[in-house]
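Report on the structure
The lines below spell out each chain.
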Amino acid sequence: MKTARPLAIGLACAAMAFAPLAAPVVQAQSLPRLPKPPKLPSMPRLPTGGTDAPASTGTASVQTQRADPQQVRAYNQAMGKLQAGINVNWGSPADNARIDGEVREYRALVDRLASGEFDSLPDSQTSTYRMMLAAQYDTAAATVDREISWGEGMITGHGRADAGYNYLLGIETQLYGAKTLYPEKPEYAAAHAKALAVLGKYGNRSAAIAAEDAAEIAAARNVRMPAAISTDPAAVAQFRQAWQTSGIPWPIVKIHITSGWRDKTEYGRVIGQNRDAAIVARNPDNPNHCNLYDFTMFKDRSGAVRRGSHSTKRIACENVPK
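Summary of the structure given here. (Residues numbered from 1 in each chain as written. Predicted model: local features only at pLDDT ≥ 70, side-chain atom pairs only at ≥ 80, totals over all residues. Heavy atoms only, no water.)

1. Examining the overall build of the chain
From N to C terminus, the chain includes nine helices and seven strands. Taking as baseline every contact in the chain between residues at least 6 positions apart, the subset at least 24 positions apart corresponds to 62%. A total of about 20,200 Å² of accessible surface is found on the chain, and carbon and sulfur atoms cover 56% of it. (Helix = DSSP H or I, 4+ residues; strand = E, 2+ residues; numbered from the N terminus. Contact = heavy atoms within 4.5 Å. Areas by Shrake-Rupley, 256 points an atom, 1.4 Å probe, with all protein chains shown as cover.)

Here's what the structure looks like:
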């Protein structure tokens, strides 16, 4: 009870202290108010989903159809996958199944897009994708002859038949998409016909591998083993020892030493010596398949030998000297 009075006095004093500040506020409130700006007419509202009733504008009506988001998403994904294309990179026969799967998926996407499922989408949702995909197809059609030549070369000359067949399959599948999705462009259909004809010439991977083997055998008949400059048994034994470090599991048929020792340097310092030989080895899985290796042996400063480098090509087994 004794504290109530001092608190009341303090509040009263505070009110008196701030009383002069209240007058300007009252004066400001008595100033005339600015006129309010005129109210603008409201704009017609666009529909927010599906096809709504026309929105009134006073003199006309506007009707807008919004694309189904799920359909737009599906279209974008399908076109994006077609633009990504088929990965025909080949490292081993295990890639064949993967590539076949990508080919099936690509064709299924092309057929889905051509089925009319997305025909209701407005041009604003499709034109950019179609333009970008057509640019890819333009390149594929313009370079089809060169790409076919490269793919066939892998089968019959400079690669593996599996890789070459997959390369041709990728070209044909891409151009199938071009001629199916852009039937108004006859150049796409003409390019696809070329790729389809070449692919049909081989039929399947097994036939492509057989064609590769036939081409290799024909070339191998013209390969001869270089003459030996030395038959030193100790040097021949060193090459056999170095061969064991090469990781090549084929047994040696013949060794012809083709050079003497020469220094090998790194950063101006001699680190060892190299020596060359022509080595014929036989495929353990096919006694009629021989390869000729241009083999370099390296001997380090301790005298240990190992494979330095090598290159190879097929040689007819009957061409190997006895």
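Alright, that's what it looks like, and here's the rest.
2. Details of the state of the cysteines
All told, the structure shown has one disulfide when counted by the stated rule. A disulfide bridge connects Cys290 with Cys317, and the sulfur atoms are separated by 2.1 Å. Disulfide Cys290 to Cys317: torsion about the S-S bond roughly 110°, handedness right-handed. With a gap of 27 residues between them, Cys290 in strand β6 (residues 290–300) and Cys317 in the segment after β7 (305–315) connect regions that are remote in the sequence. Given a relative accessible area of 0%, Cys290 falls into the buried group. (Disulfide = S-S within 2.5 Å. Buried < 20%, exposed > 50% of the residue type's maximum accessible area, 1.4 Å probe, protein only.)

3. Here's the deal with unusual backbone geometry
The backbone of Tyr267 sits at a positive phi, close to 55°, despite the residue not being glycine. As for its position among the elements, Tyr267 is in the loop between β4 (262–266) and β5 (269–282). You can call Tyr267 exposed: its relative accessible area is 85%.

4. Regarding helix α2 (residues 69–84)
Between its first and last C-alpha, α2 extends 22 Å over 16 residues, near the 22 Å set by a 1.5 Å rise per residue. Of all the positions in α2, only Gln71, Val72, Ala74, Tyr75, Ala78, Met79, Leu82 and Gln83 are classed as buried. Next to the buried residues of α2 lie α3 (94–114), α4 (123–142) and α6 (161–181). Sitting at the amino-terminal end of α2 is Asp68, which places a side-chain oxygen 3.2 Å from the backbone nitrogen of Gln70. Gly85 sits one or two positions beyond α2 and adopts a positive phi of about 75°. (Expected span 1.5 Å × (residues − 1). Polar contact = N/O pair within 3.5 Å; in protein donor to acceptor, adjacent residues only side chain to side chain.)

5. Quick word on helix α9 (residues 233–243)
Among all positions in α9, only Ala235, Val236, Phe239, Ala242 and Trp243 are buried. Each buried residue of α9 lies within a common arc of 120° when the element is viewed along its axis, so the set occupies one face. Structural note: α9 exposes Pro233 and Ala234 on the side pointing more than 90 degrees away from its buried face. For α9, the secondary structure elements touched by its buried residues are β3 (252–257), β5, β6 and β7. (Arc of directions from axis to C-beta.)

6. Some thoughts on the nonpolar core
One finds Leu82, Leu113, Tyr137, Leu175 and Leu181 to be the most contacted residues of the largest nonpolar core, which totals 42 residues. Elements with a minimum of two residues in this core: α2, α3, α4, α5 (144–158), α6 and α7 (186–202). Once you skip the residues sitting within four places of it in the chain, Leu181 turns out to touch Leu82, Val110, Leu113, Ala114, Arg130, Leu133 and Tyr137. Within the second largest apolar cluster, 17 residues are counted, among which are Ala235, Ile255, Ile279 and Ala281. (Core = buried A, V, L, I, M, F, W, Y, C linked by side-chain atoms within 4.5 Å.)

7. Points about the pattern of salt bridges
Working definition: two side chains of opposite charge can pair if their charged atoms are close together. Going through the model one piece at a time under the given rule, you end up with 13 salt bridges. In this structure, the salt-bridge partner of Glu152 is Lys201, at a minimum N-O distance of 2.6 Å. Separated by 49 residues along the polypeptide, Glu152 in helix α5 and Lys201 in helix α7 bring together distant segments of the chain. For Glu152, a relative accessible area of 19% gives the class buried. Since its relative accessible area comes to 55%, Lys201 is described here as exposed. Where Glu216 meets Arg314, a salt bridge forms, and the shortest distance between an N and an O atom there is 3.1 Å. Here the residue Glu216 occupies a position in helix α8 (residues 205–220), and Arg314 occupies one in strand β7, the gap between them amounting to 98 residues. (Salt bridge = Lys/Arg side-chain N within 4 Å of Asp/Glu carboxyl O.)

8. Brief notes about the pairing of β7
By the bridge criterion, ten bridges tie β6 to β7 in an arrangement that is antiparallel. Across the sheet, Cys290 pairs through a bridge with Ile315, a residue of β7. Here β6 folds back onto β7 in antiparallel fashion, the turn holding four residues, of which Gly303 has a positive phi close to 100°. (Pairing = 2+ DSSP bridges.)

9. Some thoughts on the pairing of β5
Within β5, ten of the 14 residues are buried, leaving the element largely enclosed by the surrounding structure. Where β3 lies against β5, five bridges are found, and the strand directions are antiparallel. Among the inter-strand pairings, His256 is bridged to a residue of β5, identified as Ala278. With five bridges connecting them, β4 and β5 associate as antiparallel partners. When the sheet's bridge partners are listed, Thr265 is paired in β5 with Val270. Taking the residues that link successive antiparallel strands as the turn, the β4-β5 hairpin has two residues, and the phi of Tyr267 there is positive, at about 55°. Sheet topology places β5 next to β6; eleven bridges connect them, and they run antiparallel.

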